[in-house]
Structures are given as structure tokens and as C-alpha cells.
Amino acid sequence: ADTAMYRAKRAGGGHAFFNAEHDRRTLAEMALLSGMHRALERNEFRLHFQPIIHPISGEVTAHEALIRWESPGGLVSPAEFIPLAEVSGLIIPIGQWVLREAVRAAARTLRGHIAVNISPLEFAQPQFVENVTRVLCEEGLEPGRLMLELTENSLIDAHRGRDVLRDLRALGVRVALDDFGTGYSSFSALAGLPVEVLKIDRSFTLHLGTAGPEGVRAAELVRAIVALARAFGLDTVAEGVETPIQAQLLTDLGCTFLQGYLFGRPSPLPAAAGEEAVMPAMFRTTDL
Ligand code: C2E
Ligand code: MG
Ligand code: MG
Ligand code: MG
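Residues numbered from 1 in each chain as written. Chains lettered and ligands numbered in written order. Predicted model: local features only at pLDDT ≥ 70, side-chain atom pairs only at ≥ 80, totals over all residues. Heavy atoms only, no water.

Going by what an unreviewed UniProt entry lists, the protein is known as Putative diguanylate-cyclase and is assigned to Deinococcus deserti.

Right, here's the structure in full:
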């Protein structure tokens with residue numbers, strides 16, 4: 001009955017060897033968790049903004065807000081901490097901070113739409129729409145300028161999901177389905193939801209224009225997504241556009257908006273927006 005305890009004793013201390021890997025993971029997660037708590041208290045999170053452009057006019061029509069964590073140990077990628085923030089519930093205060101910061105940036109500095117990523121747990125909060133409404137009011141942003149990026153995981157609970165989408169539409173907030181085409185839901189079920197935009201996942205953009213069957217397949221998939229979007233009256237945004245060839249093909253395929261390193265990397269708001277422009281000549285280093 002006490003085999004585990006016996007083995008644990010033999011292994012020395014309280015740590016049985018067969019648990020070492022699990023323990024290491026748990027310890028790393030605990031460190032990450034306490035790090036995130038501290039990050040909230042000490043203001044270590046930042047938002048970067050990436051432009052979304054209209055390929056025909058070349059105009060920047062929107063920015064996507066992407067969280068960055070400047071931890072004392074260096075930059076931590078959202079891919080590393082967002083999943084743990086979700087399972088621990090910390091995504092709720094983090095998401096609140098993101099929403100307010102992004103909406104504020106749009107109200108004060110940025111032009112066009114502001115796209116904000118929303119985790120399934122945030123979307124599932126009963127007071128979600130109320131929260132969004134309050135932040136928009138307090139920061140003075142017209143609801144029509146906010147676009148929420150949801151993944152299909154948020155919409156698995158179809159009934160409640162649909163109700164919330166209707167409330168958001170009534171409020172005037174726009175909704176995009178992020179990473180479209182990567183999940184398990186059927187295309188048509190997702191496209192039939194009351195949303196305004198489909199974001200074509202980077203994995204599709206990646207192979208566009210490459211030689212061989214992968215390039216052909218990617219083009220066919222993008223063509224299908226664009227056709228579906230049109231049938232439902234939705235716009236499309238292609239993610240991860242890195243080359244002029246990808247941009248050209250996506251535009252030819254009828255994709256409405258493009259986003260990617262080709263047009264701009266995620267970057268902070270210019271800290272001294274405006275200052276640079278009005279900086280007197282005598283302070284310019286070239287004049288010293
Ligand atoms: P996402 O919403 O699909 O965001 C797109 C990701 O692709 C971003 O990674 C962006 O920096 C990256 N990207 C954009 N253009 C290019 C390109 O041309 N090439 C390549 N290789 N990458 C490109 P990032 O910022 O690391 O974010 C990763 C994911 O983390 C996001 O995927 C999103 O799911 C999540 N995330 C980021 N910020 C937030 C946030 O504030 N709240 C929530 N809930 N999730 C967030
Ligand atoms: Mg996104
Ligand atoms: Mg995406
Ligand atoms: Mg993605």
C-alpha cells in the first residue's frame with residue numbers, strides 16, 4: 001500500500017524519481033505563475049501594436065494589440081505565458097489590463113480599428129459585455145472602432161456564444177474569428193456566426209507562392225476561405241504576410257486586408273509621440 005512512499009524515501013527527500021519530470025514542470029509553472037502576479041503588480045506587461053493594411057489603398061486601417069512581458073529575466077513570449085494564464089484564471093486581470101490599455105491607445109493615439117485578442121475564459125465571464133461597455137465609455141472610444149479577436153474555442157458553447165456575439169453586435173463592437181481554419185469546427189458553422197471578419201491563419205499564408213503541392217494546397221484553401229467569407233458577407237484578414245509574393249497572391253485571391261512583417265512588426269507606441277516632430281533643432285544629435 002505504501003509503495004510510493006517507500007520508493008519516495010528510497011529516492012531521498014520527498015521526491016520520487018518517477019515524479020521528477022512532473023515536479024520540474026510544476027515548479028517551472030509555479031515560478032511562471034508568481035512571476036505573472038508580480039508582473040501585474042509591477043507593471044511589467046506592455047502592449048505592442050501591429051498594423052493591418054488595405055492592400056489596394058495601402059492604408060493602415062487597424063492595429064492588433066499584442067501583449068509583451070518585460071520580465072526582469074528578459075522578454076517572455078505570450079505563447080509561453082498566455083496558456084498558463086488561462087488555466088490559472090490570471091488571464092482575467094491580464095485581459096482587463098490589455099483591453100483598457102488597447103482601448104485607451106485607440107482613443108488617444110492610434111487611428112482606425114483596434115483589434116484585441118480575447119481568451120475563451122474572458123469571453124465566458126457573465127459580465128464580459130458589461131465590462132467591454134464600461135471600458136469603452138470610460139476611455140471614450142466609439143464601439144465601432146473596437147474589434148475583438150476570438151478563436152473558435154470561445155464559441156464551443158454555441159448557444160451562450162451566439163447570445164454574447166449578438167450583444168456585442170448590438171453594442172456596435174466588431175468580432176473577428178482568429179486563426180480561422182485551424183480548429184475542428186466546420187467552416188460553414190463558424191462562418192454562419194454573427195461576426196464581421198475571418199482571420200486567415202498564418203499557416204495558410206506561409207506556403208503561398210512556394211513551389212510544389214503545398215503551395216497549391218495553400219492557395220486552394222485561401223480561395224475557399226475567401227469564397228466562404230464572401231458568401232456570408234465577411235471581410236478577411238490574412239496573417240503572417242512576409243513576402244511581396246504572398247501579398248500579391250492574397251490580394252489576387254480577394255483577401256480584403258493583410259497583416260504581417262512585410263508591412264510592420266508589432267511595436268510599442270512611440271513613447272514620445274509627437275515630441276520627435278517638434279523637437280527643436282538644437283537638441284538633435286547631428287547638430288551637436
Ligand atoms: P495571434 O492573435 O494569432 O497573433 C498573431 C501572432 O503572429 C503574433 O504573435 C504576431 O506577432 C505574429 N506575427 C504577425 N505577423 C507575423 C509574420 O509576418 N510572421 C510571423 N512569423 N509572425 C507574425 P505573438 O505576439 O507572439 O502572439 C502569439 C499569440 O498569443 C497570439 O496569436 C494570441 O493568440 C496570443 N496573444 C497575444 N497577445 C494577447 C493578448 O493580449 N491577450 C490574449 N488573450 N492572447 C494574446
Ligand atoms: Mg489575434
Ligand atoms: Mg491569429
Ligand atoms: Mg495565430
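Don't stop here, the text continues.
For ligand 1, the set of nearby residues contains 22 residues, the closest of which are R68, N117, S119, E242 and Y261. Here I67 contributes a backbone N or O atom positioned 3.1 Å from a nitrogen atom of ligand 1. With the chains in place, 82% of the 800 Å² that ligand 1 exposes on its own is no longer accessible. Listing elements by their share of the shell around ligand 1, those giving two or more residues are strand 2 (60-71), helix 3 (78-88) and strand 6 (174-180). A total of four residues in the shell around ligand 1 trace back to one element, the largest contributor, which is strand 2. (Near = heavy atom within 4 Å. Polar contact = N/O pair within 3.5 Å; in protein donor to acceptor, adjacent residues only side chain to side chain. Areas by Shrake-Rupley, 256 points an atom, 1.4 Å probe, with all protein chains shown as cover. Helix = DSSP H or I, 4+ residues; strand = E, 2+ residues; numbered from the N terminus.)

By convention here, two paired aromatic rings are described through the distance between centres and the angle between planes. The full count for this structure, using the stated rule, is six aromatic pairs. Arranged with centres 6.3 Å apart and planes meeting at 45 degrees, the rings of F45 and W97 form a pair that is tilted. Here W97 lies in helix 4 (residues 91-108) and F45 lies in strand 1 (residues 45-53), a separation of 52 residues in the sequence. Where W69 meets F81, the ring centres are 5.5 Å apart and the plane angle is 85 degrees; that geometry is what we call edge-to-face. With W69 in strand 2 and F81 in helix 3, the pair connects residues that are twelve residues apart, well separated along the chain. (Phe/Tyr/Trp six-rings, centres within 6.5 Å; stacked < 30°, edge-to-face > 60°.)

Okay, the packing of helix 2 (residues 20-42) against helix 3 next. Helix 3 packs onto helix 2 with a crossing angle of 85 degrees between their chain directions and a minimal axis gap of 10 Å. Taken together, the axes of helix 2 and helix 3 are roughly perpendicular relative to one another. Listed contacts from helix 3 to E29, L32, L33 and M36 of helix 2 are E80, F81, L84, A85 and S88. Classifying every residue of the contact of helix 2 with helix 3 gives six nonpolar, one polar and two charged. (Axes fitted to C-alpha atoms, helices over the stretch in contact; angles between N-to-C directions. Parallel < 35°, antiparallel > 145°, perpendicular 65-115°, else oblique. Contact = heavy atoms within 4.5 Å. Nonpolar A, V, L, I, M, F, W, Y, C, P; charged D, E, K, R; others polar.)

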